[in-house]
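Structural characterization, general
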Amino acid sequence: MKTAVFPGSFDPLTNGHLDLIRRAQRLCDRLIVAVLINPDKRGLLETQQRLDVIRQALAQVKGIEVKAFSGLLIEFVKQEQSDFIIRGIRGVQDLENEMAMAWTNEKLLPGLETVVLLTRPELAGVSSSLVRQIAHFGGDVSPFVPPAVDETLLRLYNKRDQSDDTPTKGGE
Ligand code: PNS
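So, a few notes on the structure that sits alongside this text.

Here is what the cut-offs are and how they apply
- Residues numbered from 1 in each chain as written.
- Predicted model: local features only at pLDDT ≥ 70, side-chain atom pairs only at ≥ 80, totals over all residues.
- Heavy atoms only, no water.
- Helix = DSSP H or I, 4+ residues; strand = E, 2+ residues; numbered from the N terminus.
- Rg over C-alpha atoms; globule rule 2.2 N^0.38 Å.
- Buried < 20%, exposed > 50% of the residue type's maximum accessible area, 1.4 Å probe, protein only.
- Near = heavy atom within 4 Å.
- Polar contact = N/O pair within 3.5 Å; in protein donor to acceptor, adjacent residues only side chain to side chain.
- Areas by Shrake-Rupley, 256 points an atom, 1.4 Å probe, with all protein chains shown as cover.
- 1 Å grid on protein atoms, 1.4 Å probe; cavity = no way out; pocket = protein on both sides within 12 Å on 5 of 7 lines; lining within 4 Å.
- Sits in = over half its atoms within 2 Å of the grid points.
- Nonpolar A, V, L, I, M, F, W, Y, C, P; charged D, E, K, R; others polar.
- Axes fitted to C-alpha atoms, helices over the stretch in contact; angles between N-to-C directions.
- Contact = heavy atoms within 4.5 Å.

1. Brief notes about the overall build of the chain
Assigned secondary structure in the chain consists of 6 helices and 5 strands. Going from the N terminus to the C terminus, the chain shows its helices and strands as β-α-β-α-β-α-β-α-β-α-α. Computed over C-alpha atoms, the radius of gyration of the chain comes to 16 Å, within 12% of the 16 Å expected from 2.2 N^0.38 for 172 residues, which places it in the range of a compact globule. Taken along the three principal axes of its C-alpha coordinates, the chain extends 50 × 35 × 30 Å. Relative to its 172 residues, the chain shows a buried fraction of 46%.

2. A look at the site of the ligand
Near the ligand, the surroundings consist of Gly 8, Ser 9, Leu 36, Phe 69, Gly 71, Leu 72, Leu 73, Arg 87, Met 101 and Asn 105. Between Ser 9 and the ligand, the recorded distance is 2.5 Å, taken from a side-chain N or O atom to an oxygen atom. A distance of 2.8 Å separates an oxygen atom of the ligand from a polar side-chain atom of Arg 87. Coverage of the ligand by the protein amounts to 74% of the 550 Å² it exposes when considered alone. Of all the cavities here, the one that holds the ligand is the largest pocket. A class-by-class count of the residues in the shell around the ligand yields 5 nonpolar, 4 polar and 1 charged.

3. What about the packing of helix H2 (residues 47-57) against helix H6 (residues 147-162)?
Interaxial distance between H2 and H6 falls to 8 Å at its minimum, and their mutual angle equals 145°. Residue-level contacts link Gln 49, Val 53, Gln 56 and Ala 57 of H2 to Ala 148, Val 149, Thr 152 and Leu 156 of H6. A breakdown of the residues in the contact of H2 with H6 according to their chemical character gives 5 nonpolar, 3 polar and no charged.

4. Some thoughts on the environment of Gly 8
Counting through the fold element by element, Gly 8 comes out in strand S1 (residues 3-8). On the accessibility criterion, Gly 8 (13% relative accessible area) is buried. Spatially, the C-alpha atoms of Gly 8 and Glu 151 are 21 Å apart, while their sequence positions differ by 143 residues. When neighbours within four sequence positions are excluded, Gly 8 is seen to be in contact with Ala 34, Val 35, Leu 36 and Arg 87.

5. Details of unusual backbone geometry
Omega for the bond connecting Asp 11 with Pro 12 falls within 30 degrees of zero, at 0°, which places this linkage in the cis form. Structurally, the position occupied by Pro 12 is in the loop between S1 and helix H1 (15-25). The phi dihedral of Phe 10 falls on the positive side, at around 50°, and the residue is not glycine. Relative to the assigned elements, Phe 10 resides in the loop between S1 and H1. We classify Phe 10 as buried; its relative accessible area is 2%. Positive phi values are uncommon outside glycine, yet Gln 81 reaches one of about 50°. The topology assignment puts Gln 81 in the loop between helix H3 (73-79) and strand S4 (84-89).

6. Notes on the side chain of Asp 19
Inspection of the secondary structure puts Asp 19 in helix H1. The exposure class assigned to Asp 19 is buried, which follows from its relative accessible area of 14%. Residues contacting Asp 19, with those up to four places away along its chain left out, are Arg 120 and Leu 123.

7. Overview of H1
The buried fraction of H1 is high, at 9 of 11 residues. For H1, the N-terminal cap is Thr 14; the gap from its side-chain oxygen to the backbone nitrogen of Gly 16 is 3.2 Å.

Shown next as structure tokens:
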């Protein structure tokens, strides 16, 4: 039985992520979507919200686990007895970063493979940081994210508008 981990920040999940997750599922018997808990970087969504929207977006898809992890990815990979990591790249801008991460992870856990999937061209322009920007300025994010994310962001920004708070602008 082959287990794979698809790690990321998912702040928030986009249609690009969702497509990669569905395609990744075909490459293994057990797929774990792993959401990084990053105490140093306050994002737009709390970790629990990220997990919730991913679970909602995957409600019709059977057999995918959604978990949070903190610390080193390789420790989570070991804990879950995962055989490989899956990541997506949208183009050359992602490639260098993914290569460095894959090499580092392999150095830390020899033999660990990272399988890189190419994002579909029609989804290659979608990123969490652009979605956050659009949401921040009150734009329509629905073309880029699953409905569960759209609804969560609308609720979040309505609430913040009412409390006259300034939404957080995080990095990617
Ligand atoms: O969605 P992202 O932000 O591109 O995902 C990056 C992620 C979470 C995969 C990466 O930051 C990560 O694995 N963080 C955990 C810490 C770690 O293991 N660092 C060393 C690997 S390079």
